[in-house]
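# A look at the structure
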Amino acid sequence: AGSGKFFVGGNWKCNGTKDSIAKLVSDLNSASLEADVDVVVSPPFVYIDQVKSSLTDRIEISGQNSWVGKGGAFTGEISVEQLKDIGCKWVILGHSERRHVIGEKDEFIGKKAAYALSEGLGVIACIGEKLEEREAGKTFDVCFDQLKAFADAVPSWEKVVVAYEPVWAIGTGKVASPQQAQEVHVAVRDWLKKNVSEEVASKTRIIYGGSVNGGNCAELAKEEDIDGFLVGGASLKGPEFATIVNSVT
Ligand code: G3P
């Protein structure tokens, strides 16, 4: 960890029921969390209200996606205004599941980020290569293209956290090694320095996601350029998520 306050997000994805979420919230409420860490959870939309009304204010809430502009006649979508209305401070954009399962493209994701920021939400901007791209030596190219789409669209980086999530590590149990993650994080920071500014490069938090758990978080957190985590599966277990939050070094 190096730049700014350590940031740990729990992306609950499309998981949970009223009952399982009540249990998770209660576990999080009773967990002891390091003070110097930003902690955010991202429940499925339909449970955000339940979480907001029962979860400690110590933990902020994020949407898992948002519409690209002002709400209206967009069946099935959730607007930035609605996320704010219900108490969200953040939104996750460009997650690999939205890129590769739903088919969202770079430019569209960039526009979403710009709109969310213009309305005052923080953005967790996800990037990351697929296995075949890594094997073809294209990891940096893919990450930089995705980063550029964000950079071209956003007016300011103050409320942006970059999440590097290699697709091959997501939900697979195959975590990137600390060296693999650190190598990409340094490259991302260097890209920001050359293409945005030195200040943005040094201040922007770059967090890692992909099979982070209670057992591997401490080693990853030691790396200079890993400024936190975006956690999927392990964020559904309160005590394990707390361990990850507390791995800050
Ligand atoms: O956004 C977090 C995520 O994609 C990582 O998921 O289950 O591999 O921790 P998981």
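For the structure, check the block above.
Not measured: the values here are computed from a predicted model.

Thresholds applied
- Residues numbered from 1 in each chain as written.
- Predicted model: local features only at pLDDT ≥ 70, side-chain atom pairs only at ≥ 80, totals over all residues.
- Heavy atoms only, no water.
- Disulfide = S-S within 2.5 Å.
- Buried < 20%, exposed > 50% of the residue type's maximum accessible area, 1.4 Å probe, protein only.
- Near = heavy atom within 4 Å.
- Polar contact = N/O pair within 3.5 Å; in protein donor to acceptor, adjacent residues only side chain to side chain.
- Areas by Shrake-Rupley, 256 points an atom, 1.4 Å probe, with all protein chains shown as cover.
- Nonpolar A, V, L, I, M, F, W, Y, C, P; charged D, E, K, R; others polar.
- Pairing = 2+ DSSP bridges.
- Helix = DSSP H or I, 4+ residues; strand = E, 2+ residues; numbered from the N terminus.
- Axes fitted to C-alpha atoms, helices over the stretch in contact; angles between N-to-C directions.
- Contact = heavy atoms within 4.5 Å.
- Salt bridge = Lys/Arg side-chain N within 4 Å of Asp/Glu carboxyl O.

### Quick look at the state of the cysteines
Counting across every chain of the model gives 0 disulfides. Looking at the unpaired Cys-14, the closest cysteine sulfur is the one in Cys-88, lying at 16 Å. Take Cys-14: its relative accessible area is 77%, and that puts it in the exposed class. Lacking any disulfide linkage, Cys-217 is separated from the closest cysteine sulfur, that of Cys-126, by 19 Å.

### A closer look at the site of the ligand
Taken together, 13 residues surround the ligand, and among them His-95, Gly-171, Ser-211, Gly-232 and Gly-233 come closest. At 2.9 Å, a side-chain N or O of Lys-13 approaches an oxygen atom of the ligand. At a separation of 2.7 Å, an oxygen atom of the ligand approaches a polar side-chain atom of His-95. Bound to the protein, the ligand loses 94% of the 310 Å² it would expose on its own. Partitioned by chemical class, the residues of the shell around the ligand number 4 nonpolar, 7 polar and 2 charged.

### Examining the sheet that holds strand 1 (residues 6-11)
Each strand in a sheet pairs with another by means of backbone hydrogen bonds, the pair being arranged parallel or else antiparallel. Taken in spatial order, the 8 strands close into a barrel running 1-2-3-4-5-6-7-8, and their pairing is parallel. On average, adjacent strands in this sheet sit at an angle of 25° to one another, irrespective of strand direction. Bridge count for strand 2 (residues 37-42) against strand 3 (residues 60-63) is 2 bridges, and the pairing is parallel. Across the sheet, residue Val-41 finds its bridge partner in strand 3, namely Ile-61. Running over the sheet, helix 5 (residues 106-118) touches strand 4 (90-93), strand 5 (122-127) and strand 6 (160-164) and is turned about 175° from strand 4.

### Quick look at the pattern of salt bridges
Within the structure shown, the criterion is met by 17 salt bridges. In this structure, Asp-38 and Lys-5 form a salt bridge, with 3.3 Å as the shortest nitrogen-oxygen distance. Pair noted here: Asp-38 is in strand 2 and Lys-5 is in the segment before strand 1, with a separation of 33 residues, a long-range link. Linking Glu-119 and Lys-84 is a salt bridge whose minimum nitrogen-to-oxygen distance equals 3.4 Å. Taken together, the residues span a long stretch of sequence, with Glu-119 in the loop between helix 5 and strand 5 and Lys-84 in helix 3 (residues 80-85) at a distance of 35 residues. Accessibility expressed as a relative area gives 27% for Glu-119, which makes it partly exposed. You can call Lys-84 partly exposed: its relative accessible area is 37%. In the salt-bridge network here, residues are joined through shared partners; they are Lys-5, Asp-38 and Arg-205.

### Brief notes about the pairing of strand 6
Both faces of the sheet carry side chains from a regular strand, because those side chains alternate between them. Burial runs high along strand 6: 5 of the 5 residues are buried. The alternating pattern of strand 6 places Val-160, Val-162 and Tyr-164 and Val-161 and Ala-163 on opposite faces, both of which are buried. Where strand 5 and strand 6 come together, 5 bridges link them in parallel fashion. Residue pairing for strand 6: Val-123 is matched across the bridge by Val-160. Bridge count for strand 6 against strand 7 (residues 206-209) is 3 bridges, and the pairing is parallel. The residue bridging Ala-163 from the neighbouring strand is Ile-207, located in strand 7.

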